[in-house]
Protein chains: 2
Amino acid sequence: MEANRVYNFNPGPAMQPLEILKEAQSELLNFQGTGESIIEISHRAKEFEAVLNQAKADIKELMGLGDDYEVLFLQGGASTQFAMVPMNYAVGGKKGAYVVSGSFAEKAYKEAEILGVGTIAATSKDGDFKHVPTQDEIKLDPAAAYLHICYNNTIYGTEYHYIPETGSVPLIADMSSDMLSRPVDFRKFSLIYAGAQKNLGPAGVTVVVGRKAFLENSPKTIPSMLRYAIHLDKNSLYNTPPAFCIYMVGKTAAWLKKQGGLAVMAERNAKKAKLLYDAIDNSGGFYRGHAEKDSRSFMNVTFRLPSEDLEKKFVDEAKAQSLCGVKGHRSVGGMRASIYNAMPYEGCERLAEFMEKFRKANG
Amino acid sequence: MEANRVYNFNPGPAMQPLEILKEAQSELLNFQGTGESIIEISHRAKEFEAVLNQAKADIKELMGLGDDYEVLFLQGGASTQFAMVPMNYAVGGKKGAYVVSGSFAEKAYKEAEILGVGTIAATSKDGDFKHVPTQDEIKLDPAAAYLHICYNNTIYGTEYHYIPETGSVPLIADMSSDMLSRPVDFRKFSLIYAGAQKNLGPAGVTVVVGRKAFLENSPKTIPSMLRYAIHLDKNSLYNTPPAFCIYMVGKTAAWLKKQGGLAVMAERNAKKAKLLYDAIDNSGGFYRGHAEKDSRSFMNVTFRLPSEDLEKKFVDEAKAQSLCGVKGHRSVGGMRASIYNAMPYEGCERLAEFMEKFRKANG
């Protein structure tokens, strides 16, 4: 870590690989000798189309997906996907089924409800979202238009450790906070989406990956910008795309390939998470994890301290040591350390050491 | 102009003020001593909220608007606004009225049509969109939900030189290609929007300016992300915003203030446009402007040459002189020089000189 930089444990926007930032900085006034910034260049220029197509190819390669899948770069974040999913698929009297495993999973369900097309297949709300519903808990109507899950629950610090079996019902996942953080059998999903600002790049682009045959199925009665089929047909260039953000996502995908791909990232991310979960588990109850052990997230580590006063002190003292953004979401309280792909191992080591010291001083 | 940079006459994404790009470059690794990039910093951080609020204040100051107006930073470009406008306002049996003055004006109308709520109040399509419909040509139903106009028609190179009187019908304008390029009595509009990538910053953020009382009027039956009221209520932070783009728009607004505001920009832009229109008008018919003189745009100068072969030659020779992106849209053909706020006077001078030389060599 360079002297003037901090470890940023915020849930997103989040840390970016420093070498990517440096690359972007060095070419900001003149992209590939075009005499223009990547911000200025036409989205119809061959240089930009090459950036977009390379980003798509790298993402598909990382995910192990072939020609039957396509990557789209959209806008509006996961929140817009919450609306697009039911508008595109919960049609013809069919309803969308939802597993409500946290705050964003519930928001997705509520957007379907606004349109009158949502049903709940499982929820862990009564258990304060401490666990991800199991296969047995999911009651899926085989006539459902799809099953929607939130693969990692950022606020509660839980993550799926299995892929729900849905029979012939298409599976859709919001992977905003764990996409490209570990290998998953992505072929089991018809549609996956993620706001970029956690593992993929800057806020302002939504990466959507879907089966082409599924993406083609948009009704013509909804606004053009909300139809997956339009964006598929136009290679994400139906209108002017968020060019700078796509360029940065492309750099991130290339960086992930250079690291060795998702298997290597999974190993690193598991080691990072273990440092923090060990600090919790070995604290004699001083730190109490929010998530049940078998639902623990590799991306967001949530825990409480013995009192709110100590929690405030923890946040302040951590910040003084350049360990920033560890305050949890108000709906859970306590701490949340978000440790996405770009968080170095040393950041987690430093935080784990701090946790240990803080416990000894205040326990 | 620095040696390795070019004059970019593309319609958007477009040139940015060089000093803004340099500023962004210098602080890309560490924003205001936070130890984080503007790309990495939390959108809930006080430093980011200050950026967002300053950008809003500067835009309102430039536009001469007070507390009864609000600025929103949304995503999805003007194309998403084409859908949001009718979804929010053409409700309760009311229809949205449209002046169809060009390609994007027509796209806006078509999005209302998809929802079954669009009517045409005037169109210049029969005249190949060479002029902006006059007040007399507009047949506005006083019961319309709104009148929607496209204030500058990028593809055809026409621009409004008056504000339509609409009585009690709210006036809505897509100002994607001329917002903040000259003073307008913005108070006559209930809602104005613009994709940033022409005069305001990088692609990826849509600047929406509206009367608060109008923005508040969103039905609760449409998706949350498409409701103006939500974004108004949450200060554009309902979900993670396109932070880098907002930051760049803020820099642009500050730059415009430093230049002297919109009156100064109008004067500069008029002088720039005059160079090119004079080159057309004094060419003895070699260059033929597409727009009728009283509808000419200050932002997009469109013209044809005697043959398509000469047009191709013009594009190639211009590019060899670092005058890039002058090729017109396929629906009009010929040339289009887009000369937004950040295009220096020298760029237009160079292009006008080139036009003169090219005419002499090929006329």
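Residue numbers run consecutively from 1 along every chain, following the written order of its sequence. Here the convention is simple: chains get letters from A, ligands get numbers from 1, in the order in which they are written. Restriction of local features to residues with pLDDT of at least 70 applies here, the model being predicted, together with a cutoff of 80 or more for giving and counting side-chain atom pairs; totals for whole chains, interfaces and linings are based on all residues. Side-chain numbers come from the whole structure's heavy atoms, not from hydrogens or water.

1. Considerations on the overall build of chain A
So the rule is basically this: We count a stretch as a helix when DSSP gives it H or I for four or more residues in a row; a strand needs E for two or more, and each element gets its number in order from the N terminus. Radius of gyration here uses only the C-alpha atoms, and the compact-globule reference equals 2.2 Å multiplied by the residue count raised to the power 0.38. Each residue is placed in one exposure class: buried if its accessible area under a 1.4 Å probe, protein chains only, is under 20% of its type's maximum, exposed if it is over 50%, and partly exposed if it falls in between. Contact criterion: two residues are considered in contact whenever any of their non-hydrogen atoms come within 4.5 Å of each other. Surface accessibility follows the Shrake-Rupley procedure with a 1.4 Å probe radius. Residue values consider only the protein chains on display as shielding. Charge assignment in this entry is limited to Lys and Arg as positive and Asp and Glu as negative, and neither His nor the chain termini are counted. The atoms used to mark charge sites are NZ of Lys, CZ of Arg, CG of Asp and CD of Glu.
Of regular secondary structure, chain A possesses 10 helices and 14 strands. Computed over C-alpha atoms, the radius of gyration of chain A comes to 21 Å, within 12% of the 21 Å expected from 2.2 N^0.38 for 363 residues, which places it in the range of a compact globule. Counting the 363 residues in chain A, one finds 65% classified as buried. The contacts of chain A with a sequence gap of at least 6 include a subset with a gap of at least 24, amounting to 66%. As displayed, chain A offers around 13100 Å² of accessible surface, 49% of which is attributable to carbon and sulfur atoms. Here chain A holds 43 positive side-chain charges and 42 negative ones, and the gap between their average locations is 2 Å.

2. Section: the side chain of N300 of chain A
Residues and elements named next belong to chain A. Which entries qualify depends on this criterion: Polar contacts here mean pairs of N or O atoms no more than 3.5 Å apart (in protein, one a potential hydrogen donor and the other a potential acceptor; neighbouring residues in sequence count only if both atoms are side-chain atoms).
Structurally, the position occupied by N300 is in strand β12 (residues 300–304). The buried category is assigned to N300, whose relative accessible area is 0%. Within polar-contact distance, the side chain of N300 engages the side chain of S338 at 3.0 Å.

3. A closer look at helix α8 (residues 262–281) of chain A
Residues and elements named next belong to chain A. Basically, it comes down to this: For a helix, the expected span equals 1.5 Å multiplied by the residue count minus one.
Compared with an ideal rise of 1.5 Å per residue, which puts 20 residues at 28 Å, α8 spans 27 Å between its outermost C-alpha atoms and is within 8% of the ideal. Every buried residue of α8 is accounted for by L262, M265, N269, K272, A273, L276, Y277, A279 and I280. On its buried face, α8 sits against α2 (46–63), α7 (243–259), β11 (288–289), β12, β14 (335–338) and α10 (345–362).

4. As for the interface of chain B and chain A
For clarity, the threshold we go by: Accessible area that two parts lose when put together, evaluated with a 1.4 Å probe and summed over both, is termed the buried area. A pair is scored as a salt bridge if a Lys or Arg side-chain nitrogen falls within 4 Å of a carboxyl oxygen belonging to Asp or Glu.
Across the boundary between the two partners, chain B contributes 57 residues, which contact 57 residues of chain A. Between chain B and chain A, a total of about 4600 Å² is buried, with carbon and sulfur atoms accounting for 58% of that surface. When the buried area of chain B at its contact with chain A is split by residue, L29, I39 and E40 of chain B rank highest and sum to 15% of it. Linking chain B with chain A are two salt bridges. For E40 of chain A, the salt bridge identified is with R5 of chain B, shortest N-O distance 2.7 Å.

5. Structural notes on the relation of the copies chain B and chain A
Heads up, the condition is: C-alpha atoms of residues with pLDDT of at least 70 in both copies form the basis for the least-squares superposition of the copies.
Laying chain B over chain A is done by rotating through 180° and shifting 0.0 Å along the axis; what remains is an RMSD of 0.0 Å. Such values leave the two copies arranged in the relation of a two-fold axis. A symmetric contact is evident, with 100% of the interface residues of chain B recurring at the interface of chain A.

6. Concerning the side chain of S79 of chain A
Its location among the elements puts S79 of chain A in helix α3 (residues 77–89). Residue classification places S79 of chain A among the buried residues on the basis of a relative accessible area of 10%. Leave out the neighbours within four places in its chain, and S79 of chain A touches M225, Y238 and N239 of chain B.

7. A closer look at empty space enclosed by the protein
Note the threshold: Points on a 1 Å grid over protein atoms alone make up a cavity when a 1.4 Å probe fits among them but cannot get out, and a pocket when they form an open set with protein on both sides within 12 Å along at least five of seven lines; lining residues each have an atom within 4 Å of a point. Grid points are joined across faces, edges and corners, and a volume is the space filled by probe spheres set on the points.
One pass over the full model with this rule turns up seven cavities of 30 Å³ or more. The volume enclosed by the largest cavity comes to roughly 300 Å³. Surrounding the largest cavity, 29 residues form its lining, Q75 and G76 of chain A together with Q75, G76 and T80 of chain B being those nearest its centre. The set of elements that each furnish at least two residues to the lining of the largest cavity consists of β2 (69–74) and α3 of chain A together with β2 (69–74) and α3 (77–89) of chain B.

8. Points about the pattern of salt bridges
Residues and elements named next belong to chain A. All told, the structure shown has 40 salt bridges over all chains when counted by the stated rule. Between K312 and D316 there is a salt bridge, with its nearest N and O atoms 2.9 Å apart. Of this pair, K312 and D316 both sit in helix α9 (residues 308–320), separated by four residues, roughly a single helical turn. K312 sits in the exposed class, given a relative accessible area of 54%.

9. Some remarks on the sheet that holds β12 of chain A
Residue and element names in this part refer to chain A. Note the cut-off: Only when DSSP finds a minimum of two bridges between them are two strands counted as paired.
Reading across from one edge, β11-β12-β14 is the order of the three strands in this open sheet, with antiparallel pairing throughout. For this open sheet the edge positions go to β11 and β14, each flanked by a neighbour on one side alone. Here β11 pairs with β12 via two bridges, running antiparallel. Looking at β12, one finds that R288 is bridged to R304.

10. Considering a positive patch on the surface
What counts, and what does not: Patches draw on residues past 30% relative accessible area with no salt bridge. Two like charges within 9 Å are joined, as are two nonpolar side chains (Val, Leu, Ile, Met, Phe, Trp, Tyr) within 5 Å.
Together, R44 and K234 of chain A together with K107, K110 and R330 of chain B line one region of the surface with positive charge. Position of K107 of chain B among the secondary structure elements: in helix α4 (residues 103–114).

11. Observations concerning the nonpolar core
The tendency in soluble globular proteins is for nonpolar side chains to be buried side by side. Put simply, the rule is: Here, nonpolar core refers to any group of buried Ala, Val, Leu, Ile, Met, Phe, Trp, Tyr and Cys residues whose side-chain atoms link them within 4.5 Å.
In terms of nonpolar packing, the biggest core is built from 124 residues, with F73, M179 and F189 of chain A together with F73, M179, F189 and V209 of chain B touching the most fellow members. Once you skip the residues sitting within four places of it in the chain, F73 of chain A turns out to touch L52, A55, K56, I59, V205, T206, V207, S236, I246 and V249 of chain A. In terms of nonpolar packing, the next biggest core, distinct from the first, is built from 64 residues, F129 of chain A together with V117, F129 and L215 of chain B among them.

12. Focus: the packing of aromatic side chains
All names here are of chain B. The condition is simple: Two aromatic rings from Phe, Tyr or Trp, using only the six-membered ring of Trp, form a pair when their centres are within 6.5 Å; if the ring planes differ by under 30 degrees the pair is stacked, by over 60 it is edge-to-face, and anything between is tilted.
In the structure shown here, the tally under the stated rule is 39 aromatic pairs over all chains. Ring geometry for F286 against F358: centres 6.4 Å apart, planes inclined by 55°, an arrangement best described as tilted. In this pair, F286 is assigned in the loop between α8 (262–281) and β11 (288–289) and F358 in helix α10 (residues 345–362), connecting sequence segments 72 residues apart. Each member of the pair, F286 as well as F358, is classed as buried.

13. Concerning the domain arrangement of chain A
Residues and elements named next belong to chain A. Threshold: Domain borders in the structure are assigned automatically or taken from a domain database. Amino acids outside the nonpolar list (Ala, Val, Leu, Ile, Met, Phe, Trp, Tyr, Cys, Pro) and the charged list (Asp, Glu, Lys, Arg) are all regarded as polar, and Gly is one of them.
When the domains of chain A are assigned, the result is domain 1 (21–259) and domain 2 (261–362). Taking only C-alpha atoms, the centre of domain 1 and the centre of domain 2 are 27 Å apart. Contact between domain 1 and domain 2 buries roughly 2300 Å² in total, counting both sides, with carbon and sulfur atoms accounting for 56%. The largest contributions to the domain 1 side of the interface with domain 2 come from K130, I155 and Q259, which together make up 23% of the buried area. Our enumeration of links across domain 1 and domain 2 arrives at zero salt bridges. Across the domain 1-domain 2 interface, the total number found is 17 residue pairs in polar contact (both at pLDDT 80 or more). At the level of elements, β7 (158–159) and α7 are the ones that each hand at least two residues to the side of domain 1 that touches domain 2. Considered class by class, the residues forming the side of domain 1 that touches domain 2 number 10 nonpolar, 10 polar and seven charged.

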